[in-house]
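Spelled out from the first residue to the last, the chains are:
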Amino acid sequence: TITLCDGTWEEDLSFDIAVTIEGTGAGTVVTAPVGETPFTFAAGGGVKNLTIQGSYNGVEVTGGSDTVIDGVTFTDVENRAISMSGAEASMVTGA
């Protein structure tokens with residue numbers, strides 16, 4: 001688990017291992033460069049307790065299993081808040 005403190009974070013990260021990114025709540029805001037997606041997961045993991053704003057997609061899940069998206073708020077996302085393909089037993093709660 002990687003914990004992000006309150007603040008605004010610009011990210012464009014892809015994970016091929018199970019990693020969970022966890023914020024501290026509404027004060028943790030994640031953006032992405034223009035046309036990009038902050039988090040792409042290919043092997044499980046997920047995001048919890050943060051806000052994703054102003055990105056192309058909010059979260060992409062491209063494979064793996066047991067990806068969890070919990071307590072995430074999406075604002076000003078251009079395409080899809082959550083894009084899933086090839087993901088097994090994944091869960092979205094509190095979003």
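Relevant structure appears above.
Small disclaimer: the values here were computed from a predicted structure and weren't measured. (Residues numbered from 1 in each chain as written. Predicted model: local features only at pLDDT ≥ 70, side-chain atom pairs only at ≥ 80, totals over all residues. Heavy atoms only, no water.)

On to unusual backbone geometry. Phi angles above zero are rare outside glycine, and Asn49 is one such case at about 55 degrees. On the secondary structure map, Asn49 appears in strand 7 (residues 45-53). Judged by relative accessible area, Asn49 falls into the partly exposed class, the value being 28%. Non-glycine residue Asp66 carries a positive phi angle of around 65 degrees. Summarising the element assignment, Asp66 is placed in the loop between strand 8 (59-61) and strand 9 (67-75). (Helix = DSSP H or I, 4+ residues; strand = E, 2+ residues; numbered from the N terminus. Buried < 20%, exposed > 50% of the residue type's maximum accessible area, 1.4 Å probe, protein only.)

Here the focus is the nonpolar core. Counting 14 residues, the largest nonpolar core has Ile21, Phe39, Phe41, Val47, Leu50, Ile52 and Val59 as the members making the most contacts within it. Element by element, the count of residues in this core is highest for strand 7, at three residues. If sequence neighbours within four positions are ignored, Ile21 has contacts with Ile2, Leu4, Phe15, Phe39, Phe41, Gly46, Val47, Lys48 and Leu50. (Core = buried A, V, L, I, M, F, W, Y, C linked by side-chain atoms within 4.5 Å. Contact = heavy atoms within 4.5 Å.)

In this structure, Asp12 sits in the loop between strand 2 (7-10) and strand 3 (13-15). Asp12 sits 69 residues away from Ala81 along the chain, and the two C-alpha atoms are 15 Å apart. Beyond its immediate stretch of four places on either side in the chain, Asp12 contacts Pro33, Glu36, Thr37 and Pro38.

The next subject is the side chain of Thr31. Mapped onto the fold, Thr31 is located in strand 5 (residues 28-31). Ignoring anything within four residues of it in the chain, the contact list for Thr31 reads Thr8, Trp9, Glu10, Glu11, Pro38 and Gln53.

Turning our eyes to something else, we now look at the environment of Val77. One can find Val77 in the loop between strand 9 and strand 10 (82-84). Owing to a relative accessible area of 21%, Val77 belongs among the partly exposed residues under this scheme. Along the sequence, Val77 and Thr31 sit 46 residues apart, while their C-alpha atoms lie 9.6 Å from each other. Leave out the neighbours within four places in its chain, and Val77 touches Ile52, Gly54, Ser55, Tyr56, Asn57 and Gly58.

Bringing the sheet that holds strand 8 into the picture now. Spatially, the four strands line up as an open sheet ordered 3-6-8-10, and their pairing is parallel. Only two strands of the sheet have a single neighbouring strand rather than two, namely strand 3 and strand 10. Across the sheet, the mean angle separating the axes of adjacent strands is 10 degrees when strand polarity is ignored. Relative to strand 10, strand 8 runs parallel, the two sharing three bridges. Looking across to strand 10, one finds that Val61 is bridged to Met84. (Pairing = 2+ DSSP bridges. Axes fitted to C-alpha atoms, helices over the stretch in contact; angles between N-to-C directions.)

Nothing here speaks to function; it is geometry throughout.
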